[in-house]
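# Structural features, examined
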Amino acid sequence: MYQKAWFNGVRSDLQETVNTYATSIGHQAELGNISYQEGEFSVKLTFRELPADGTPVEQALWNRHCMELGLDKEWFGQDVINRGETFKVVGLSITSRSKKVLIQGRDGRRYRCAPEFIQTFYRAQANRANLPESR
């Protein structure tokens, strides 16, 4: 019987192996959700062709659409903290109606959030950085 904690190691091993293969054929691979039941487990696996200039697909998509959503190019790949948990900004879901920003937790799970959440977080960070030190 599988235990949820066991999949943390499996996920990283699988991702490493799949990345090696994907790179060799000019693609980028991404492991999605892992589901399991007694005696078997399955993994969602997505391959994307790399752009000709070598930029990762998510980065290229972010660069192309971030300005129209009020986001900065520099925010891609940066950490966002929500309710004490740290997430990394990993891309866009441009087909989504309102939650267009993809963030990824430390466990590898991805979530969608509104661009306004990201804007608010980074503007608050910038405001804190500009405040004079308290004495």
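For clarity, every value in this text was computed on a predicted model and none was experimentally measured.

Here the focus is the packing of aromatic side chains. Across all of its chains, the model carries nine aromatic pairs by this definition. Taking 5.9 Å as the distance between ring centres and 80° as the angle between the ring planes, the aromatic pair formed by Trp6 and Phe41 counts as edge-to-face. Here the residue Trp6 occupies a position in helix H1 (residues 6–24), and Phe41 occupies one in strand E2 (residues 40–49), the gap between them amounting to 35 residues. When its relative accessible area of 32% is taken as the criterion, Phe41 is described as partly exposed. Geometrically, the ring pair formed by Trp75 and Tyr122 is stacked, given 4.8 Å between the ring centres and 15° between the ring planes. Residue Trp75 is found in the loop between helix H2 (57–65) and strand E3 (79–82), and its partner Tyr122 is found in helix H3 (residues 115–130); the two are separated by 47 residues along the sequence. Here Trp75 matches Tyr122 in class, with each residue buried. Members of the aromatic cluster, connected to one another through ring pairs, are Trp6, Phe7, Tyr36 and Phe41.

Trp62, Leu71, Val89, Val101, Ile103, Ile118 and Tyr122 are the most contacted members of the largest nonpolar core, which has 16 residues in total. At the level of secondary structure, the elements contributing two or more residues to this core comprise strand E4 (85–92), strand E5 (101–105) and H3.

What counts and how
Residues numbered from 1 in each chain as written. Predicted model: local features only at pLDDT ≥ 70, side-chain atom pairs only at ≥ 80, totals over all residues. Heavy atoms only, no water. Phe/Tyr/Trp six-rings, centres within 6.5 Å; stacked < 30°, edge-to-face > 60°. Helix = DSSP H or I, 4+ residues; strand = E, 2+ residues; numbered from the N terminus. Buried < 20%, exposed > 50% of the residue type's maximum accessible area, 1.4 Å probe, protein only. Core = buried A, V, L, I, M, F, W, Y, C linked by side-chain atoms within 4.5 Å.

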